[in-house]
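The primary structure of each chain is shown beneath.
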Amino acid sequence: MKSFLNVKDLGDLKQALDEASEIKKDRYKYCELGKNKTCLLVFFNNSLRTRLSTQKAAQNLGMNVIVLDVNAGAWKLETERGVVMDSDKSEHLLEAIPVMSSYCDIIGIRSFAGLKDRDYDYAETVYHQFVKHSGRPIFAMETATVHPLQAFADLITIEEHKQKARPKVVLTWAPHPKALPQAVPNSFAEWMNEADVDFVITHPEGYELDPQFVGNAQVEYDQMKAFEGADFIYAKNWSCPGVTRPEQYGEILEDYHKWLSWTVGARQMAVTNNGKFMHCLPVRRNMIVTDEVIESPNSLVIPEAANREISATVVLKRILESL
Ligand code: AN0
Ligand code: CP
């Protein structure tokens with residue numbers, strides 16, 4: 001595997017899930033595979049889980065790891081070609097990428113959507129610059145439009161906790177005070193479309209996700225109706241994807257105070273099938289989800305985060321095998 005951005009990059013999903021459970025039983029099984037190989041993790045944005053779980057995964061495989069926080073100690077990087085570099089950015093990505101790749105064998109990138117220019121974000125411009133100029137396998141640690149390591153961990157978690165062969169899974173928008181990317185819901189939707197689940201997406205009108213990710217999901221604008229009989233509730237905020245009105249891309253369409261009834265609480269969980277609660281974290285309590293729901297025995301947020309180590313170990317193993 002030379003690139004990890006989409007669900008298709010993993011090939012057969014059943015096989016990938018089998019590999020995940022094999023690694024979960026013995027996470028050091030392939031501890032020789034990465035000997036004398038170096039994994040570089042490049043962060044343009046903050047992270048807790050991705051930073052720790054991906055380092056741990058690389059260490060499980062016997063790799064060396066280097067972490068670079070671009071905005072904390074490195075030169076600020078210009079990402080667009082053709083600009084006169086008279087701002088605070090001292091170095092261009094076009095030099096930085098080949099330099100970084102000279103020190104490592106595999107590169108992970110975290111580079112969130114700018115939420116200003118839809119075409120730039122949805123073309124995955126920064127990610128593809130790394131692919132083109134590094135000559136190394138590149139994997140996404142949340143890029144402009146996707147977060148596949150998260151979606152893979154989410155699928156592993158659903159597999160582990162499902163009580164029936166084909167559970168009902170609901171992705172629900174929830175309010176948030178800041179404009180957030182669509183990467184997490186995009187990938188979750190993309191992966192659920194490939195999984196053996198009944199998949200429903202619910203959000204206020206105007207927050208329609210890009211059709212390439214929605215796939216065959218049922219879209220329901222009534223949150224309570226969507227929750228009926230659900231086995232898993234996956235909450236997340238996202239800003240306007242600009243599908244119907246491109247000029248609204250990246251915006252919060254209405255003040256969040258108007259949408260606080262969408263905060264996932266006991267009222268909504270009561271109509272589910274004793275549903276499990278999921279969120280990728282970090283989460284704002286009593287905005288996205290109430291204290292009561294996130295602290296309940298049905299909350300999977302901690303095992304879900306723990307599975308990030310497993311998804312990353314499978315992905316890095318696949319990449320190492322292709323070197
Ligand atoms: C980020 C997002 O919504 O994409 C990262 C989630 C894993 N969240 C925040 O910025 C709060
Ligand atoms: N879920 C997730 O990716 O968390 P971090 O932003 O803390 O890495």
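Above this text sits the structure in question.
Owing to the predicted nature of the structure, the values given are computational and were not obtained by experimental measurement.

Caption draft 1: Structural view of the side chain of Asn307. Within the secondary structure, Asn307 sits in helix H12 (residues 301-321). For Asn307, the side chain forms a polar contact with the side chain of Thr157, separated by 3.0 Å. With residues near it in sequence (within four places) discarded, Asn307 still touches Lys24, Ala153, Ile156, Thr157 and Glu160.

Caption draft 2: Inspection of the pairing of strand E6 (residues 106-110) at higher detail. Among the 5 residues that make up E6, 5 are buried, leaving the element largely enclosed by the rest of the structure. Residues Ile106, Gly108 and Arg110 of E6 are buried on one face, and the alternating residues Ile107 and Ile109, pointing to the opposite face, are buried as well. Here strand E2 (residues 38-43) runs beside E6; their pairing, made up of 5 bridges, is parallel. When the bridges of E6 are listed, Leu41 appears paired with Gly108. One ladder, built from 3 bridges, connects E6 with strand E7 (residues 138-140); its direction is parallel.

Caption draft 3: View of the site of ligand 1. Ligand 1 sits among Phe112, Glu142, Leu180, Pro181, Lys236, Cys280 and Leu281. With respect to ligand 1, the side chain of Glu142 contributes an N or O atom lying 2.6 Å from an oxygen atom. Between ligand 1 and Lys236, the relevant distance is 2.7 Å, taken from an oxygen atom to a side-chain nitrogen or oxygen of the residue. Isolated, ligand 1 exposes 340 Å² of accessible area, and the fraction of that covered by the protein chains is 82%. In the shell around ligand 1, the residues fall into 5 nonpolar, no polar and 2 charged.

Caption draft 4: Looking closely at the nonpolar core. Residues Phe130, Phe139, Phe152, Trp191, Phe199 and Ile201 are the most contacted members of the largest nonpolar core, which totals 80 residues. When residues of this core are assigned to their parent elements, the largest contribution, 7 residues, is made by H12. When residues of this core are sorted by domain, at least three fall in each of domain 1 (3-146 + 308-322) and domain 2 (150-304). Other than its neighbours up to four places away in sequence, Phe130 contacts Phe44, Leu93, Ile97, Met100, Ile107, Ile109 and Ile138. Ranked by size, the runner-up nonpolar core spans 18 residues in total, among them Ala174, Met269, Ile288 and Ile294.

Conventions adopted
- Residues numbered from 1 in each chain as written.
- Chains lettered and ligands numbered in written order.
- Predicted model: local features only at pLDDT ≥ 70, side-chain atom pairs only at ≥ 80, totals over all residues.
- Heavy atoms only, no water.
- Helix = DSSP H or I, 4+ residues; strand = E, 2+ residues; numbered from the N terminus.
- Polar contact = N/O pair within 3.5 Å; in protein donor to acceptor, adjacent residues only side chain to side chain.
- Contact = heavy atoms within 4.5 Å.
- Buried < 20%, exposed > 50% of the residue type's maximum accessible area, 1.4 Å probe, protein only.
- Pairing = 2+ DSSP bridges.
- Near = heavy atom within 4 Å.
- Areas by Shrake-Rupley, 256 points an atom, 1.4 Å probe, with all protein chains shown as cover.
- Nonpolar A, V, L, I, M, F, W, Y, C, P; charged D, E, K, R; others polar.
- Core = buried A, V, L, I, M, F, W, Y, C linked by side-chain atoms within 4.5 Å.
- Domains from an automatic or database assignment.

Don't take any of this as a statement about function, it's just geometry.
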